[in-house]
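Residue strings, one per chain:
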There are 2 protein chains.
Amino acid sequence: MSYVLNDPADFADESAAGFVAAHRTLVRRVTGGVARATATPAGQVAVVIGGGSGHYPAFAGLVGAGLAHAAAMGNVFASPSAQQIYSAAKSVATDAGVLFTYGNYAGDVLNFDQAEKRLNDEGIPCHTVRVTDDIYSASPAEHTKRRGIAGDLAVFRAAAWAAEQGMSLDEVVEFTSRANSRVRSLGVAFSGCTLPGASGPLFTVPAGQMAVGMGIHGEPGIDVVPLPTANEIAARLVAGLLEEVPHDISPAGARAAVIVNGLGAVKSEELFIIYAGVEKLLTDAGITVVEPEVGEYATSFEMAGISLTLFWLDDQFEEAWSSPSYTPAYRKGVVAPTSKTPESIRESTSSELPEAIPAASAESAAAGPIAQAVIAAIRDMIERDADELGRLDAIAGDGDHGIGMQRGTRAAAAAADLAVAGGAGTGTVLIRAGDAWADKAGGTSGALWGAALRAAGERIGDERAPSASDVSDAVTAACASIKSYGKAEVGDKTMVDALVPFAETLVSQVTAGESLSAAWTVAASEATRAADATTDMLPRMGRARPHMEKSLGTPDPGAISLARAMTVAGHVLAITTKN
Amino acid sequence: MSYVLNDPADFADESAAGFVAAHRTLVRRVTGGVARATATPAGQVAVVIGGGSGHYPAFAGLVGAGLAHAAAMGNVFASPSAQQIYSAAKSVATDAGVLFTYGNYAGDVLNFDQAEKRLNDEGIPCHTVRVTDDIYSASPAEHTKRRGIAGDLAVFRAAAWAAEQGMSLDEVVEFTSRANSRVRSLGVAFSGCTLPGASGPLFTVPAGQMAVGMGIHGEPGIDVVPLPTANEIAARLVAGLLEEVPHDISPAGARAAVIVNGLGAVKSEELFIIYAGVEKLLTDAGITVVEPEVGEYATSFEMAGISLTLFWLDDQFEEAWSSPSYTPAYRKGVVAPTSKTPESIRESTSSELPEAIPAASAESAAAGPIAQAVIAAIRDMIERDADELGRLDAIAGDGDHGIGMQRGTRAAAAAADLAVAGGAGTGTVLIRAGDAWADKAGGTSGALWGAALRAAGERIGDERAPSASDVSDAVTAACASIKSYGKAEVGDKTMVDALVPFAETLVSQVTAGESLSAAWTVAASEATRAADATTDMLPRMGRARPHMEKSLGTPDPGAISLARAMTVAGHVLAITTKN
């Protein structure tokens, strides 16, 4: 658990501030994350990484010479928002463009993809290579669905070397992508971790047992076996990775970089014991170990776990792996000095001035407080249920659903308050709430709820008092937006399973002449029924966890929270509306 | 707890082997520890550090340019033996001499002092500066009794810089000693740690509480307070250190290096939050923070704790602190390449051939198996009681007494077996057993028991069958040896409290004509009584823990194990001897 806390809600921000303060000569704070203290040389592709907090040195600790140019920093175990990623990338981008590279998780994919689109729309070329090194998270046939774990370091090193060599963006993408195809990892866990301020761990491993295939977000392992000896652990990890050697490589005679990564509570002394076993087994298999790294490179708070990564080298990859680096957390060899960023742009987190609130009709502004009250009610429901939602998510996910919804709804409600105080129309209240939600919550749910509220707000507009059919149209637009961003369909056991019947019922009830409040109540009960029905054995949207199919058995937390939100929204509507 | 284990008894050795394997380009294995891969330049003082295992990166991770030339590596939480320290120092010593610098713990002091004497006797000048940064472990008036914790790093950096500047040994000692006088630390703990293979933690901190003044060996804190917020922790640490600013320094306007050290389970994200609070408070006090370090520098397995260190700089100390370094675990700036150690001396752990067993009389050799049986019985007693002795030690000490005695008695019994098989006389059996005990156990008890057995063996010799008065003389010699090494007197609540009445009773009983076996039995019961009487409120020998006076209330584990050993020895004598 975390012992060092002020307000848990401030954990990630305070930690980031302290990180930057401790490394002022190396990194600067930028909107959305951190960047190298030195300016990106003209013509050099900028490598931008990022992800949730709680994985130090991933990701901020890996910013500097020989590694990333910038890192977008999300909240605890939550993807940074698209806005954060975009801003962090802008702070280091040159005309040569931007490479996004990060671990393959649904929330990161959603948000990085939005940021990539925005950069490209602005004429800054941007491409993505997702790290997919965790062999246990999907079958070889579905290797593009695999998660990224400690192999991040190897892929980031390759990307940075290619960029620093002066390769073009296309070349950097090709090189990084090939590197990713040669990086494989496998992890085991002995205990879970407890998120800052949470009352219990995300998961536990029974005493005397070991979970195989754990992720770095506290996702439990997939197989549970009796705790083996250190040498048996080393043998299992090596054997697993030798079963998945890339097709064009023959292990005997090959050269491989090796990373033994500690997840948090497994200490260096133990990691060295594992390394001793790993090195012997690899050497016995005819593999030459090149510049091994034994330590913490991608952690999960105080989770007890270990992973082994092999990076199958060729001459170029070996040059990349062996090249110098100098970041807060990763230093090797001798790095040539580079020019400092001009003082004038060093600290660029000054928040932009809020945009003026658009003019609205009196009727639309009069309905703004209803939208405000709905959002406040959802926030209050989440405050009450956050722990339960987190536990639900922890069973098969990363356990951050509760706190992510908490951050998002708090920010959304605060933004709605400000908008209403400024006389905003109903549409603007929803849009401001949605943007704040996406930006502060990050993660998957933040991106989806933010997009949904924005779509609804745009449909409702600021011109007139929204009618029942305006609202049902807005919900339909929100539903379409979530399906478009999230790529999920009904039956995928996501929030879409609850949202679609909600929207369809609402439309049919309103069309049949029911009042909004009555129609909403019927639709909300449909959503609740559908959310409960997400309990089954299928994997959830966007998650790389096919092995989990056999162990599910709980409803999708996103669907549950959507249904509960619609239910409390119905209560507010019953009180505040007459039509 | 440690999850990654083969045989717990091999933990430290296997970890050291893996550490060296992972850092072959930087360090080489030498007898007793590790040394830089590069040879010490002619005329340069060699800085030799060391201590128990379980504190990584202290101590092996701190060997390299800008830090130590070699580190002696003891077993888990146990001092290296004098032999190990001597050997590690020899591997890097030049004519310019050797500086020993290490944290001030009784076991380390005993063993380093013996090694220092041996080097000086051989004409290699050697001096010592003990690190005493932990302000909570003794009052300002008794600052030389304080423990060394994470301030080790600052003192080692100063020592290395002075040596690398080409200063003479006297100058290096003076500079390092002045540095130590300007380094102050204070720590807090939230949970204990569990030694590899142990069934439970050395100590626990009640949930929701924080212990102030913890050590790095799992020593519990001295005051227990309700768990404060992160900012309150930072404030407490800063306030504590600002109460103890060196007399010649005025904080306002001063410059200080800062180390925020994590003990194991408190992760980087939390350390950065503490650092943010610390930096603000120091800045508010007018202190300029110079090149802060936030991370793990002296750990205690997975113990949850934090310490703050301030190193009050002047121009020279700032130059030392800011100078480049490149070790397995500590890298900053750019280090000039140095010459590699010639390949021929790179791996120098080949164990020396055992010395031939000295000739013995048939009578003395015939009594060897009795000494062998006594030692085996003590080993068996320790196997049975090790956990209990460890728990006893953990109440006020570092909890390693049980495992230290286990390692020592196993090695002693094995050495006695070999000696008897080789036809050794009784004296040689005891001497071989004692040397093996000291070398394998390390720590305080290892050094003392080793010295005692050697003294007894030298007195008994290999010439004749030992008489009852030979044995009582030998015990008297052993007693004198322990008092001489350990500097403890009766009443200090150490094993001496049990040993002196044992020896005196044995002598008086034998002088009165009792058989050895009968005399021994009476003496052993005196020892037991005296050991039980060590329960009180006084601090234990050589330990820097005056604050503990108020919280003791258990007997000294060293006295208890001595009394039990003498008791089982009496059983053996009753069976095997007739006189």
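These numbers were taken from a predicted model, which means no experiment stands behind them. (Residues numbered from 1 in each chain as written. Chains lettered and ligands numbered in written order. Predicted model: local features only at pLDDT ≥ 70, side-chain atom pairs only at ≥ 80, totals over all residues. Heavy atoms only, no water.)

1. Here we look at the domain arrangement of chain A
Okay, step 1: Segmenting chain A into domains produces domain 1 (8–328) and domain 2 (362–576).
Okay, step 2: If you average the C-alpha positions of domain 1 of chain A and of domain 2 of chain A, the two centres end up 32 Å apart. (Domains from an automatic or database assignment.)

2. Re the sheet that holds strand 12 (residues 304–312) of chain A
Residue and element names in this part refer to chain A.
Okay, step 1: Spatially, the six strands line up as an open sheet ordered 9-8-7-12-10-11, and their pairing is mixed. The outermost strands of the open sheet, each flanked by one partner alone, are strand 9 (223–226) and strand 11 (288–295). With strand direction ignored, the average angle separating the axes of adjacent strands in the sheet is 20 degrees. (Pairing = 2+ DSSP bridges. Helix = DSSP H or I, 4+ residues; strand = E, 2+ residues; numbered from the N terminus. Axes fitted to C-alpha atoms, helices over the stretch in contact; angles between N-to-C directions.)

3. Some points on the packing of helix 2 (residues 82–90) of chain B against helix 3 (residues 106–121) of chain B
Residues and elements named next belong to chain B.
Okay, step 1: Closest axis-to-axis distance for the helix 2/helix 3 pair is 8 Å, and the angle between their directions is 50 degrees. Classified by the angle their axes make, helix 2 and helix 3 are oblique. Seen along the crossing, helix 2 lies across helix 3 with a hand that is right-handed. Residues Ala82, Gln83, Ile85, Tyr86, Ala89 and Lys90 of helix 2 lie in contact with helix 3, whose contacting residues are Asn111, Phe112, Gln114, Ala115, Arg118 and Leu119. (Parallel < 35°, antiparallel > 145°, perpendicular 65-115°, else oblique. Left-handed = near helix turned anticlockwise from the far one by under 90°. Contact = heavy atoms within 4.5 Å.)

4. Focus: the pattern of salt bridges
Okay, step 1: Following the criterion strictly, the structure yields 59 salt bridges over all chains and no others.
Okay, step 2: The shortest N-O distance in the salt bridge between A:Asp385 and A:Arg384 comes to 2.9 Å.
Okay, step 3: In this structure, B:Glu244 engages B:Arg184 in a salt bridge whose closest nitrogen and oxygen atoms are separated by 3.6 Å. With B:Glu244 in the loop between helix 6 (230–242) and strand 10 (255–262) and B:Arg184 in strand 7 (residues 183–191), this pair connects stretches of sequence that are 60 residues apart.
Okay, step 4: Owing to a relative accessible area of 15%, B:Glu244 belongs among the buried residues under this scheme.
Okay, step 5: A cluster of three or more residues bridged by salt bridges with shared partners is formed by A:Lys267, A:Glu296, B:Lys267 and B:Glu296. (Salt bridge = Lys/Arg side-chain N within 4 Å of Asp/Glu carboxyl O. Buried < 20%, exposed > 50% of the residue type's maximum accessible area, 1.4 Å probe, protein only.)

5. Re the relation of the copies chain B and chain A
Copy one and copy two of the chain differ by a rotation about an axis and a translation along that axis.
Okay, step 1: Least-squares fitting of chain B to chain A yields an RMSD of 0.1 Å, with the transformation described by 0.0 Å of translation along the axis and a rotation of 180 degrees. What the superposition gives is, in effect, a two-fold axis relating one chain to the other. In terms of C-alpha distance to the rotation axis, chain B has B:Ala265 as its closest residue, with the C-alpha 2.7 Å off the axis.
Okay, step 2: Take the interface residues of chain B: 98% of them recur as interface residues in chain A, which is what a same-surface contact looks like. (Least-squares fit on C-alpha atoms with pLDDT ≥ 70 in both.)

6. With respect to the packing of aromatic side chains
Okay, step 1: Counted according to the given criterion, the structure contains 32 aromatic pairs over all chains.
Okay, step 2: Seen from their ring centres, A:Tyr56 and B:Phe272 are 4.9 Å apart, and the 75 degrees between their planes marks the pair as edge-to-face. With A:Tyr56 in the loop between strand 3 (46–53) and strand 4 (70–76) and B:Phe272 in helix 7 (residues 268–284), this residue pair bridges two chains.
Okay, step 3: Here the aromatic rings of B:Phe311 and B:Trp321 are separated by 6.4 Å at their centres, their planes lie at 90 degrees, and the arrangement is edge-to-face. In this pair, B:Phe311 sits in strand 12 (residues 304–312) while B:Trp321 sits in helix 8 (residues 315–322), placing the two residues ten residues apart along the sequence. Judged on exposure class, the residue B:Phe311 and its partner B:Trp321 are both buried.
Okay, step 4: Grouped by ring-pair contacts, the aromatic residues A:Trp161, A:Phe175, A:Phe311, A:Phe317 and A:Trp321 constitute a single cluster.
Okay, step 5: Here the guanidinium or amino end of A:Lys332 rests over the ring plane of A:Trp321, the centre of that ring lying 5.2 Å away. (Phe/Tyr/Trp six-rings, centres within 6.5 Å; stacked < 30°, edge-to-face > 60°. Lys NZ or Arg CZ within 6 Å of the ring centre and 35° of its normal.)

7. Quick notes on the interface of chain B and chain A
Okay, step 1: Every contact between the two is made by 50 residues of chain B and, on the other side, 50 residues of chain A.
Okay, step 2: Summing the contributions of chain B and of chain A, the shared interface buries around 4200 Å²; its carbon and sulfur component is 62%.
Okay, step 3: By the criterion of area lost to chain A, the three top residues of chain B are B:Tyr3, B:Val4 and B:Glu269, representing 18% of everything that side buries.
Okay, step 4: Put simply, chain B and chain A have four salt bridges between them.
Okay, step 5: Summed over the shared surface of chain B and chain A, the number is 27 residue pairs in polar contact (both at pLDDT 80 or more).
Okay, step 6: Taken together, the elements giving at least two residues each to the side of chain B that touches chain A come down to helix 1 (11–22), strand 7, helix 6, helix 7, strand 11 (288–295), strand 12 and strand 14 (331–332) of chain B.
Okay, step 7: At nine residues, the largest contribution of residues to the side of chain B that touches chain A is made by helix 7 of chain B.
Okay, step 8: Looking at the side of chain B that touches chain A residue by residue, the classes come out as 27 nonpolar, 13 polar and ten charged. (Buried area = accessible area lost by both parts, 1.4 Å probe. Polar contact = N/O pair within 3.5 Å; in protein donor to acceptor, adjacent residues only side chain to side chain. Nonpolar A, V, L, I, M, F, W, Y, C, P; charged D, E, K, R; others polar.)

8. Regarding the sheet that holds strand 6 (residues 126–131) of chain B
Residues and elements named next belong to chain B.
Okay, step 1: As summarised here, the arrangement of the six strands in space is 1-2-4-3-5-6, forming an open sheet in which the pairing is mixed. What marks the edges here is a single partner per strand, and that holds for strand 1 (27–30) and strand 6. Strand after strand, the sheet turns through a mean of 25 degrees between neighbouring axes, direction not considered.
Okay, step 2: The pairing of strand 3 (residues 46–53) with strand 4 (residues 70–76) spans five bridges and is classified as parallel. Following the sheet pairing, Gly51 is matched in strand 4 by Met73.
Okay, step 3: Running at roughly 155 degrees to strand 4, helix 2 makes contact with strand 1, strand 3, strand 4 and strand 5 (98–103) of the sheet.

9. Side note on the side chain of B:Asn261
Residue and element names in this part refer to chain B.
Okay, step 1: On the secondary structure map, Asn261 appears in strand 10.
Okay, step 2: Asn261 gets classed as buried once you look at its relative accessible area, which sits at 0%.
Okay, step 3: A distance of 2.6 Å separates a polar atom in the side chain of Asn261 from the backbone nitrogen of Tyr297.
Okay, step 4: Engagement of the side chain of Asn261 in a polar contact is seen with the backbone oxygen of Ala298, the distance being 2.7 Å.
Okay, step 5: Non-local contacts of Asn261, meaning those with residues more than four positions away in its chain, are made with Ala150, Leu271, Gly295, Glu296, Tyr297, Ala298, Gly305, Ile306 and Ser307.

10. Quick look at helix 10 (residues 401–421) of chain B
Okay, step 1: Over its 21 residues, helix 10 of chain B extends 30 Å from the first C-alpha to the last, a length consistent with the 30 Å expected when each residue adds 1.5 Å.
Okay, step 2: Just past helix 10 of chain B, the residue B:Gly423 takes up positive phi, approximately 80 degrees. (Expected span 1.5 Å × (residues − 1).)

11. Some thoughts on unusual backbone geometry
Okay, step 1: That bond from A:Tyr56 to A:Pro57 is cis: its omega, 10 degrees, falls within 30 degrees of zero.
Okay, step 2: Relative to the elements of secondary structure, A:Pro57 occurs in the loop between strand 3 and strand 4.
Okay, step 3: Residue A:Phe59 is bonded to the preceding A:Ala58 through a cis peptide linkage, with omega at 5 degrees.
Okay, step 4: Relative to the assigned elements, A:Phe59 resides in the loop between strand 3 and strand 4.
Okay, step 5: The backbone phi angle of A:Lys487 is positive, close to 60 degrees, even though this residue is not glycine.
Okay, step 6: Positive phi outside glycine occurs at B:Lys493, with the angle close to 65 degrees.
Okay, step 7: Residue position: B:Lys493 is located in the loop between helix 13 (468–486) and helix 14 (495–511).

12. Structural notes on the confidence of the model for chain A
Interpretation of the predicted coordinates at a detailed level should be avoided for regions scoring low in pLDDT.
Residue and element names in this part refer to chain A.
Okay, step 1: When pLDDT is averaged along chain A, the result is 89, and 91% of the positions lie at 70 or above.
Okay, step 2: Counting interchain partners and residues more than four positions distant, the pLDDT-below-50 stretch residues 348–352 has eight contacts.
Okay, step 3: Note on residues 537–551: pLDDT under 50 across the span, and 50 contacts to partners over four residues away in sequence or across chains. (pLDDT = per-residue confidence, 0-100.)

13. A closer look at the pairing of strand 12 of chain B
All names here are of chain B.
Okay, step 1: The element strand 12 is largely enclosed, with a buried count of nine among its nine residues.
Okay, step 2: Looking at chain direction, strand 7 and strand 12 are connected through eight bridges and run antiparallel. Of the residues in strand 12, the one forming a bridge with Val188 is Ile306.
Okay, step 3: Across seven bridges, strand 10 lies against strand 12 in antiparallel orientation.

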